[in-house]
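So you can see what is in the structure, the chains are spelled out below.
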Amino acid sequence: MTNTLHQIQARATYLRHAHRKGGYGIHSPFVFHWLNSVLYERTPFYAYNRLRRLRQQLLHNTDTITLQGFGTAGARQSTIHHIVKHSCSKRKYAELLFRIVNASHASHIIELGTNVGLTTLHMAAADSHARIITLEGEPQLHTFAKTLFDKHHADNIRTICGDIDHTLAQALQTMPTIDLVFFDANHTGEATMRYFRQCRPHAHQHTLFIFDDIHRSADMEQAWHTIQTDTHITTTIDIFQMGIAFFNTDLQKENHIVAF
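Note that this is a predicted model, so its numbers are computed, not measured.

Novice: So what exactly am I meant to see when it comes to the sheet that holds strand β9 (residues 242-246) here?
Specialist: The strands making up a sheet are joined through hydrogen bonds of the backbone, oriented either antiparallel or parallel. Pairing within the open sheet is mixed, and its eight strands lie in the order β5-β4-β3-β6-β7-β9-β8-β10. Both edges of this open sheet fall to β5 (157-161) and β10 (254-257), since each of them pairs with a single strand only. Ignoring strand direction, the axes of neighbouring strands in this sheet form an average angle of 15°.

Novice: Sorry if this is basic, but what is going on with helix α9 (residues 189-199) here?
Specialist: An α-helical turn contains 3.6 residues, so a residue and the one three or four places further along point in the same direction. Among the residues making up α9, those that are buried are Gly-189, Ala-191, Thr-192, Met-193, Tyr-195, Phe-196 and Cys-199. On its buried face, α9 sits against β3 (108-112), α8 (164-174), β6 (180-183), β7 (208-212) and α10 (218-229).

Novice: When you look at helix α2 (residues 29-39) in this model, what are you seeing that I'm missing?
Specialist: Turning to α2, its buried residues are Val-31, Trp-34, Leu-35, Val-38 and Leu-39. All buried residues of α2 project into a common sector of 105° when viewed along the axis, lining one side. Away from its buried face by more than 90 degrees, α2 exposes Pro-29 and His-33. Of the surrounding secondary structure, the elements contacted by the buried residues of α2 are α5 (91-104), β8 (235-238), β9 and β10.

Novice: Is there a simple way to explain the packing of aromatic side chains in this structure?
Specialist: Pairs of aromatic rings are described using the distance from one ring centre to the other and the angle between the two planes. Inspection of the entire model under this criterion finds 15 aromatic pairs. Ring centres 5.2 Å apart and planes at 55° place the aromatic pair Phe-45 and Phe-98 in the tilted group. You can see Phe-45 sitting in the loop between α2 and α3 (48-59) and its partner Phe-98 sitting in helix α5, a full 53 residues away along the chain. By relative accessible area, which is 18% here, Phe-45 ends up buried. Seen from their ring centres, Phe-183 and Phe-209 are 5.2 Å apart, and the 65° between their planes marks the pair as edge-to-face. You can see Phe-183 sitting in strand β6 and its partner Phe-209 sitting in strand β7, a full 26 residues away along the chain. Accessibility expressed as a relative area gives 5% for Phe-183, which makes it buried.

Novice: What is the right way to look at the environment of Gln-205 in this model?
Specialist: In this fold, Gln-205 is placed in the loop between α9 and β7. Taking the C-alpha atoms as reference, Gln-205 lies 29 Å from Asp-163; in sequence the two are 42 residues apart. The contact partners of Gln-205, leaving out residues within four places of it in the chain, are Phe-247, Asn-248, Thr-249 and Asp-250. Reaching out from Gln-205, the side chain makes a polar contact with the side chain of Thr-249 at a distance of 2.8 Å. Within the local environment of Gln-205, its side chain forms a polar contact with the side chain of Asp-250, the two groups lying 3.4 Å apart.

Novice: Explain the packing of α2 against α5 here, please?
Specialist: Helix-helix packing is characterised by the crossing angle of the two axes and by the distance between the axes. Two elements in contact, α2 and α5, have axes separated by 9 Å at closest approach and are oriented at 120°. Of α5, the residues touching α2 (which contributes Trp-34, Val-38 and Leu-39) are Leu-96, Arg-99, Ile-100 and Ala-103. When grouped by side-chain class, the residues that make up the contact of α2 with α5 number six nonpolar, no polar and one charged.

Cut-offs used in this document
Residues numbered from 1 in each chain as written. Predicted model: local features only at pLDDT ≥ 70, side-chain atom pairs only at ≥ 80, totals over all residues. Heavy atoms only, no water. Pairing = 2+ DSSP bridges. Helix = DSSP H or I, 4+ residues; strand = E, 2+ residues; numbered from the N terminus. Axes fitted to C-alpha atoms, helices over the stretch in contact; angles between N-to-C directions. Buried < 20%, exposed > 50% of the residue type's maximum accessible area, 1.4 Å probe, protein only. Contact = heavy atoms within 4.5 Å. Arc of directions from axis to C-beta. Phe/Tyr/Trp six-rings, centres within 6.5 Å; stacked < 30°, edge-to-face > 60°. Polar contact = N/O pair within 3.5 Å; in protein donor to acceptor, adjacent residues only side chain to side chain. Nonpolar A, V, L, I, M, F, W, Y, C, P; charged D, E, K, R; others polar.

Written out as structure tokens, the structure is:
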């Protein structure tokens, strides 16, 4: 089955099972509150307008960079416009990450997959005191993002370029305790599980793991299912594009599918 067909079928299944917006039908007080105070929060945060303007600027950026395409067909040319339009987290998901950092007071954050740095800037803007390490395998994307961070004076972001199978260990040594990890790099089930198992020992009671593209393919869905059943994970929330996993042992072992 092609990934496109799989995603169509997965979305249909998601829509059939997703709880309505507002958390109706959710029995867990914690999850109900989290949905309404974070997921569905509509406060026009101070940073949104600036970040939305930046997204528009990047969508009009026709500069070309070379992507090495590790593990795919090989090197190719792409414009910043195309990358932002097709590869970056959409605005509502980037702003959700802003709200999650803001609400959780995450101060030690690791991002796997910097891309052009737009999502990283959203997390950095939520708390200027938060320390973020972002990992990118594509050298020219890394250079572009680092320049963008410098331009916007995002001094709380540290970038590391290289194969994430090697650089993640380096990041974890630098940041042995982590409050939040955003997994947005190699979107295969095997790589996702490898990164998850590497990060898991550094999690604590209030750590959040957020996985992008959990329904991208059958093997990504299998990885998400394995994460949901992991004994260290308690509650999970599936919003289709992303899966959010909690380590909080005060919560029941529950998996929620929620409209977003």
